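In case you want the letters, here they are:
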Amino acid sequence: MGGTFNPIHYGHLVTAQEALYQFGLDRVIFMPAGQPPHKQDKEILPPEERYLMTVIATASNPNFVVSRFEVDRKAPSYTVDTIKALKKEHGPETNLYFITGADAVWEILTWKDAEELSKLCTFIAATRPGYSLEKFKKLHVLPDDQPLPRGKPRVYVMEIPALAISSTDIRRRVREGHPISYLVPEGVANYIHKCRFWIDY
Ligand code: ATP
Ligand code: MG
């Protein structure tokens, strides 16, 4: 599961847990994104801080792990490179699923790497109840036993409980002095307050 995780919140955690359950996965690997190219964006915390908060948020779940792969890379990573590296690390027998929000999956599928990605992993697109699935009907949401059109990735749509939480909203709440408890894990909230992220960072 890739993301900026600036910061990680319960929307991400519920999505990961639901994917684990609905698809019978062994493990969810959280992959915080590295430093984005537009470095002047002070809103986005350094990769190390986003990585740390992701570790804090997932520490109690034995099925959740956090990867340093993108965080440790100097250049921004392309999803296809990350997936290739994971495939190499875990072996060809391992089935990889790319978990993401439905909004993001739509973008990825229109990337130039979509065909290559389709050979490497399956997509799980998380939607919230009420989110229009119309767009996906045109895609390749096919049962397991049906062959896919050549070069088209398999995309499963997973509906998750409605959680109108976003990192953007959490950062705004922090700046405006509103509480963020029950939107992010307690340890993450404590760390944000301790470091004064988005206030004088
Ligand atoms: P920002 O507001 O800064 O864009 P975000 O909350 O969207 O942050 P990201 O780190 O960008 O968080 O998200 C990582 C992935 O998690 C994306 O694919 C996104 O669509 C998905 N996601 C984010 N929030 C939720 C949520 N509340 N429920 C389900 N999926 C979510
Ligand atoms: Mg987002």
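Residues numbered from 1 in each chain as written. Chains lettered and ligands numbered in written order. Predicted model: local features only at pLDDT ≥ 70, side-chain atom pairs only at ≥ 80, totals over all residues. Heavy atoms only, no water.

Chemist: In this structure, what is going on with the overall build of the chain? I would like to understand it.
Modeler: In terms of helices and strands, the chain carries eight helices and six strands. Counting from the amino terminus, helix and strand elements in the chain follow one another as β-α-β-α-β-α-β-α-α-β-α-β-α-α. When each of the 201 residues of the chain is scored for burial, the buried share is 44%. Within the chain, counting contacts between residues at least 6 apart in sequence, those at least 24 apart form 68% of the total. (Helix = DSSP H or I, 4+ residues; strand = E, 2+ residues; numbered from the N terminus. Buried < 20%, exposed > 50% of the residue type's maximum accessible area, 1.4 Å probe, protein only. Contact = heavy atoms within 4.5 Å.)

Chemist: What am I meant to see in the sheet that holds strand S6 (residues 155–159) here?
Modeler: Strand pairs in the sheet, formed through backbone hydrogen bonds, run parallel or antiparallel to each other. With respect to topology, three strands assemble into an open sheet ordered S4-S5-S6, the strand pairing being parallel. Single-partner strands in this sheet number two, and they are strand S4 (97–101) and S6. Between one strand and the next, the sheet's axes are offset by a mean angle of 25°, whatever the strand orientation. In this sheet, S6 lies alongside strand S5 (residues 122–127) in parallel orientation, the contact comprising five bridges. (Pairing = 2+ DSSP bridges. Axes fitted to C-alpha atoms, helices over the stretch in contact; angles between N-to-C directions.)

Chemist: Which parts of the structure should I look at to understand the pairing of strand S2 (residues 28–32)?
Modeler: On any regular strand, side chains alternate: one points to one face of the sheet, the next to the other face. Across the five residues of S2, five count as buried, placing the element largely inside the fold. Burial along S2 is two-sided: Val28, Phe30 and Pro32 facing one way and Ile29 and Met31 facing the other are all buried. Alignment of strand S1 (residues 2–3) against S2, held across two bridges, turns out to be parallel. By the bridge assignment for S2, Gly3 is matched with Pro32. Crossover S1 to S2 through helix H1 (residues 10–22) is right-handed. Sheet topology note: the S2/strand S3 (residues 64–66) ladder contains three bridges and is parallel. The residue bridging Ile29 from the neighbouring strand is Val65, located in S3. (Right-handed = clockwise from strand over helix to strand, strands pointing away.)

Chemist: I tried to follow the nonpolar core on my own but got confused; where do I start?
Modeler: One recurring pattern in soluble globular proteins: nonpolar side chains tend to sit buried together. Counting residues in each nonpolar core, the largest one holds 34 residues, and the members touching the most others are Val28, Phe30 and Ile192. Put simply, the parts of the chain that give this core at least two residues each are H1, S2, helix H2 (47–58), S3, S5, helix H7 (167–175) and helix H8 (186–195). Ignoring any residue separated from it by four or fewer positions in sequence, one finds Val28 in contact with Met1, Ala16, Leu20, Asn63, Phe64, Val65 and Ile99. Formed by 17 residues, the second largest nonpolar core is a distinct cluster that contains Val80, Ile108, Ala125 and Val155. (Core = buried A, V, L, I, M, F, W, Y, C linked by side-chain atoms within 4.5 Å.)

Chemist: Just to check I follow, could you spell out the site of ligand 1 for this structure?
Modeler: The environment of ligand 1 is formed by 21 residues, the closest being His9, Thr100, Gly101, Ser167 and Thr168. Take His9: an N or O atom from its side chain is 2.8 Å from an oxygen atom of ligand 1. Within the backbone of Ile165, one N or O atom sits 2.9 Å away from a nitrogen atom of ligand 1. Burial of ligand 1 by the protein chains amounts to 83% of its free accessible area of 600 Å². Sorting the residues of the shell around ligand 1 by element identifies S1, H1, S4, helix H4 (102–109) and H7 as the ones contributing at least two each. Taken together, the residues of the shell around ligand 1 break down into six nonpolar, twelve polar and three charged. (Near = heavy atom within 4 Å. Polar contact = N/O pair within 3.5 Å; in protein donor to acceptor, adjacent residues only side chain to side chain. Areas by Shrake-Rupley, 256 points an atom, 1.4 Å probe, with all protein chains shown as cover. Nonpolar A, V, L, I, M, F, W, Y, C, P; charged D, E, K, R; others polar.)

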